[in-house]
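Listed below are the residues making up each chain.
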Amino acid sequence: MSDVEKALAHKHSVVVFNMNAYTKDQVKSVIKYIKHPNLQHYIFCSTGGVYEEVSKKVNETFQRG
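A.B. asks: Could you give an account of the overall build of the chain, naming the residues involved and the relevant values?
C.D. replies: Assigned secondary structure in the chain consists of 2 helices and 2 strands. Traced from its N-terminal end to its C-terminal end, the chain shows the element sequence α-β-α-β. Expressed as a percentage of its 65 residues, the buried residues of the chain come to 14%. The long-range share in the chain, meaning contacts at least 24 apart out of those at least 6 apart in sequence, stands at 71%. Here the chain displays about 6000 Å² of accessible surface, and carbon together with sulfur accounts for 54% of that area.

A.B. asks: An account of the confidence of the model for the chain is requested, with residue identities and associated values reported.
C.D. replies: Here the chain averages 76 in pLDDT, and 80% of its residues register 70 or above. Looking at the elements of the chain, mean pLDDT is at its lowest for helix 1 (residues 3–8), recorded as 73, and at its highest for strand 2 (residues 41–44), recorded as 86.

A.B. asks: Describe the environment of tyrosine 33, listing the residues and the values that go with them.
C.D. replies: Residue position: tyrosine 33 is located in helix 2 (residues 24–34). What makes tyrosine 33 partly exposed here is its relative accessible area of 22%. A C-alpha to C-alpha distance of 6.3 Å links tyrosine 33 and glutamate 5, two positions 28 residues apart in sequence.

A.B. asks: Go over the pairing of strand 1 (residues 15–18) with me, naming the residues and quoting the values.
C.D. replies: Where burial is concerned, the two faces of strand 1 differ: the one with Val16 and Asn18 is buried and the one with Val15 and Phe17 is not. Pairing of strand 1 with strand 2 involves 4 bridges; the strand directions are parallel. Within strand 2, the residue paired with asparagine 18 across the bridge is phenylalanine 44.

A.B. asks: Give a description of the side chain of asparagine 18 that names residues and reports values.
C.D. replies: Residue placement: asparagine 18 occurs in strand 1. With residues up to four places along the chain from it excluded, the contact list for asparagine 18 reads Val30, Tyr42, Ile43, Phe44 and Cys45.

Rules and cut-offs
Residues numbered from 1 in each chain as written. Predicted model: local features only at pLDDT ≥ 70, side-chain atom pairs only at ≥ 80, totals over all residues. Heavy atoms only, no water. Helix = DSSP H or I, 4+ residues; strand = E, 2+ residues; numbered from the N terminus. Buried < 20%, exposed > 50% of the residue type's maximum accessible area, 1.4 Å probe, protein only. Contact = heavy atoms within 4.5 Å. Areas by Shrake-Rupley, 256 points an atom, 1.4 Å probe, with all protein chains shown as cover. pLDDT = per-residue confidence, 0-100. Pairing = 2+ DSSP bridges.

Pasting the structure below:
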């Protein structure tokens with residue numbers, strides 16, 4: 001059993017906000033141990049660190065459209 005699985009084994013959450021997974025297997029591991037009838041939302045937040053470098057930087061002043 002992984003550290004994540006041990007930490008979640010007896011938790012009963014209504015909302016899970018996951019921003020610490022980098023692979024599909026890591027997400028599956030979390031989902032496996034948070035299945036509970038009261039779980040209403042699972043939110044996965046990605047990070048820019050997983051995308052390849054782009055030549056144009058996007059910030060608050062970036063022209064849209």
